[in-house]
Amino acid sequence: DMMRYSLNKTEENGLILIEKEISYIENFIEIHRLRFGNDFYVNFEVEGIISGKKIVPLLLITFIENAIKHGKINEAAYPISIKISIEKTFLILF
């Protein structure tokens with residue numbers, strides 16, 4: 001699924017549905033969860049109405065990759081928390 005997503009063409013305007021971007025992020029996190037097992041402390045949450053909204057593809061994954069690469073994912077006391085909040089016209093990443 002992840003390979004297909006990165007190879008799929010976008011719409012004419014270069015955007016893709018945000019549902020697909022979020023699914024890609026969830027798959028990315030799950031791969032790392034399998035890799036690190038019980039020593040992986042990352043919380044991922046999506047808030048707001050996502051249906052029909054569009055975004056530039058692979059825009060958010062950079063933030064997720066950096067959080068996992070440079071964060072302390074193996075410390076239960078300090079988990080990485082990623083929250084995507086979708087407002088009427090804004091996308092907010094915490």
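The notes below deal with the structure included here.

Rules used in this analysis
Residues numbered from 1 in each chain as written. Predicted model: local features only at pLDDT ≥ 70, side-chain atom pairs only at ≥ 80, totals over all residues. Heavy atoms only, no water. Helix = DSSP H or I, 4+ residues; strand = E, 2+ residues; numbered from the N terminus. Buried < 20%, exposed > 50% of the residue type's maximum accessible area, 1.4 Å probe, protein only. Contact = heavy atoms within 4.5 Å. Areas by Shrake-Rupley, 256 points an atom, 1.4 Å probe, with all protein chains shown as cover. Pairing = 2+ DSSP bridges. Salt bridge = Lys/Arg side-chain N within 4 Å of Asp/Glu carboxyl O. Polar contact = N/O pair within 3.5 Å; in protein donor to acceptor, adjacent residues only side chain to side chain. Expected span 1.5 Å × (residues − 1). Arc of directions from axis to C-beta. Core = buried A, V, L, I, M, F, W, Y, C linked by side-chain atoms within 4.5 Å.

**Things to note about the overall build of the protein chain**
Okay, step 1: Looking only at helices and strands, the protein chain features three helices and five strands.
Okay, step 2: Looking at the protein chain as a whole, 26% of its 94 residues are labelled buried.
Okay, step 3: Once local pairs closer than 6 in sequence are excluded, the contacts in the protein chain between residues at least 24 apart make up 75%.
Okay, step 4: Surface exposure of the protein chain reaches about 6,500 Å², of which carbon and sulfur atoms provide 54%.

**Some points on the pairing of strand β4 (residues 80–86)**
Okay, step 1: In terms of burial, β4 is a largely internal element, five of the seven residues being buried.
Okay, step 2: Bridge analysis of strand β2 (residues 42–48) against β4 gives seven bridges, and the strand direction is parallel. Of the residues in β4, the one forming a bridge with Asn 43 is Ser 81.

**So, the pattern of salt bridges**
Okay, step 1: The full count for this structure, using the stated rule, is three salt bridges.
Okay, step 2: Between Lys 83 and Glu 47 there is a salt bridge, with the nearest N and O atoms lying 3.1 Å from each other. In this pair, Lys 83 sits in strand β4 while Glu 47 sits in strand β2, placing the two residues 36 residues apart along the sequence.
Okay, step 3: Look at Lys 83 and you get partly exposed, because its relative accessible area is 26%.

**Thoughts on the side chain of Ser 85**
Okay, step 1: Residue placement: Ser 85 occurs in strand β4.
Okay, step 2: Residue classification places Ser 85 among the buried positions, given a relative accessible area of 3%.
Okay, step 3: At a separation of 3.1 Å, a polar atom in the side chain of Ser 85 contacts the side chain of Glu 47.

**As for helix α2 (residues 18–36)**
Okay, step 1: Over its 19 residues, α2 runs 27 Å from end to end, which matches the ideal 27 Å to within 8%, given 1.5 Å per residue.
Okay, step 2: Where α2 is concerned, the buried positions are Ile 18, Glu 21, Ile 22, Tyr 24, Ile 25, Phe 28, Ile 29 and His 32. Taken around the axis of α2, the buried residues stretch over an arc of 155 degrees, which confines them to a single face.
Okay, step 3: Note on α2: the residue one or two positions beyond its end, Gly 37, has a positive phi of about 60 degrees.

**Concerning the nonpolar core**
Okay, step 1: Within the largest apolar cluster, 21 residues are counted, with the highest numbers of intra-cluster contacts made by Ile 25, Val 42, Ile 64 and Ile 68.
Okay, step 2: Going through the elements one at a time, α1 (2–7), α2, α3 (61–70) and β4 are the ones with two or more residues in this core.
Okay, step 3: Ranked by residues supplied to this core, first place goes to α2 with six residues.
Okay, step 4: The contacts of Ile 25, once residues within four sequence positions are left out, are Phe 44, Leu 60, Ile 61, Ile 64 and Ile 84.

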